[in-house]
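# Observations on the model geometry
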Amino acid sequence: DQQVKQNSPSLSVQEGRISILNCDYTNSMFDYFLWYKKYPAEGPTFLISISSIKDKNEDGRFTVFLNKSAKHLSLHIVPSQPGDSAVYFCAASPLTGGNTGKLIFGQGTTLQVKP
Amino acid sequence: DARVTQTPRDKVTEMGQEVTMRCQPILGHNTVFWYRQTMMQGLELLAYFRNRAPLDDSGMPKDRFSAEMPDATLATLKIQPSEPRDSAVYFCASGLAGSPQPQHFGDGTRLSIL
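Residues numbered from 1 in each chain as written. Chains lettered and ligands numbered in written order. Predicted model: local features only at pLDDT ≥ 70, side-chain atom pairs only at ≥ 80, totals over all residues. Heavy atoms only, no water.

## Here we look at the overall build of chain B
Within chain B, the regular secondary structure consists of 0 helices and 11 strands. Against the 2.2 N^0.38 benchmark of 13 Å for 114 residues, chain B shows a C-alpha radius of gyration of 13 Å, consistent with a compact globule. Overall, the C-alpha framework of chain B stretches about 40 × 30 × 25 Å when taken along its three principal axes. Within chain B, the proportion of its 114 residues that are buried is 44%. In chain B, once contacts between residues fewer than 6 apart in sequence are set aside, the share between residues at least 24 apart is 54%. (Helix = DSSP H or I, 4+ residues; strand = E, 2+ residues; numbered from the N terminus. Rg over C-alpha atoms; globule rule 2.2 N^0.38 Å. Buried < 20%, exposed > 50% of the residue type's maximum accessible area, 1.4 Å probe, protein only. Contact = heavy atoms within 4.5 Å.)

## Overview of the sheet that holds strand β3 (residues 19-24) of chain B
All names here are of chain B. What the 4 strands build is an open sheet, ordered β1-β3-β8-β7; its pairing is antiparallel. Taken across any chain shown, the strands that pair with only one partner, and hence form the sheet edges, are β1 (5-7) and β7 (65-71). The sheet shows a mean angle of 20° between the axes of neighbouring strands, taken without regard to direction. Note: β7 against strand β8 (residues 74-79), 5 bridges, orientation antiparallel. Its bridge partner being in β8, S66 is matched across the sheet by K78. (Pairing = 2+ DSSP bridges. Axes fitted to C-alpha atoms, helices over the stretch in contact; angles between N-to-C directions.)

## A word on the state of the cysteines
One pass over the structure, following the stated rule, counts 2 disulfides over all chains. Here A:C23 engages in a disulfide with A:C90; their sulfurs sit 2.0 Å apart. Every disulfide takes its handedness from the sign of the S-S torsion; for A:C23 and A:C90 that torsion is -70°, giving left-handed. Note that A:C23 is positioned in strand β3 (residues 19-25) and A:C90 in strand β9 (residues 86-93), a separation of 67 residues in sequence. By the burial criterion, A:C23 is buried, and A:C90 matches it. Two residues share a disulfide in this structure: B:C23 and B:C92, whose sulfurs sit 1.9 Å from each other. In this structure the cystine formed by B:C23 and B:C92 twists about its S-S bond by roughly -60°; its chirality is therefore left-handed. Here B:C23 is found in strand β3, whereas its partner B:C92 is found in strand β9 (residues 88-95), with 69 residues between them in sequence. (Disulfide = S-S within 2.5 Å.)

## A short note on the interface of chain B and chain A
Interface extent is often summarised as the accessible area lost during association of the parts. Counting from both sides, the interface comprises 23 residues of chain B and, opposite them, 19 residues of chain A. With both chains or domains summed, chain B and chain A bury close to 1,600 Å², and 54% of this area falls on carbon and sulfur atoms. The interface formed by chain B and chain A includes 0 salt bridges. Summed over the shared surface of chain B and chain A, the number is 3 residue pairs in polar contact (both at pLDDT 80 or more). When residues of the side of chain B that touches chain A are assigned to their parent elements, the largest contribution, 5 residues, is made by strand β5 (residues 42-50) of chain B. Looking at side-chain class alone, the side of chain B that touches chain A contains 11 nonpolar, 8 polar and 4 charged residues. (Buried area = accessible area lost by both parts, 1.4 Å probe. Salt bridge = Lys/Arg side-chain N within 4 Å of Asp/Glu carboxyl O. Polar contact = N/O pair within 3.5 Å; in protein donor to acceptor, adjacent residues only side chain to side chain. Nonpolar A, V, L, I, M, F, W, Y, C, P; charged D, E, K, R; others polar.)

## Description of the confidence of the model for chain B
A residue-level look at chain B finds 97% of positions with pLDDT of 70 or above and a mean pLDDT of 92. Element-level pLDDT for chain B is lowest in strand β6 (residues 53-56) of chain B, with a mean of 88, against a maximum mean of 98 in β3(B). (pLDDT = per-residue confidence, 0-100.)

## Considering the side chain of B:Q6
Residues and elements named next belong to chain B. Within the element layout of this structure, Q6 appears in strand β1. There is a polar contact of 2.9 Å between the side chain of Q6 and the backbone oxygen of Y90. Of note is the side chain of Q6, whose polar atom sits 2.9 Å from the backbone nitrogen of C92. Apart from the residues within four sequence positions on either side, Q6 is in contact with R22, C23, W34, Y90, F91, C92, G106, D107, G108 and T109.

See below:
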């Protein structure tokens, strides 16, 4: 049972354009969401997060949008750069009821930004 | 810059052998996680510890996998006996519970069971 789903295994975007990566979740107890970025032969690195009390969080070129009613979040990268080419993982966690720190990850989306 | 350290980086061994993977969490972090990445499943949580005590190991095949934290600076994941289907990249991550702190990952152990 995949509680966090990234339905697009891959995405290709031209440099300078917007990249939009999507993520859906099924568990309504999730109230904290994160995006991690992973380069080959390295571990995932934290990119940006959002809690359920917000619908948007921005950090430089990266913005995460959360639509709680649709149980959907997205990561926007503007403008996209070749160095953004990596695998992006969406993750979710229930904060309430005790913060265990346990994250449930999606399967990842491979982003390729073409020069 | 504080990092999670995992050893070995790569391990190739024959089916039936014991495999031990080690992780040194970031100093001061009280929660340690073990994940496995496969092509089909993405990042699966195998087990995690809080203050060295196991909190959840429901993601781990119990018959052959075991996870321990002998002390606050070392976490181990053992597979005995190993099988070809265990071939994957195993990641350790550490974090600080009690606040929405992101987990920090090591660079993984790439395991190949022949």
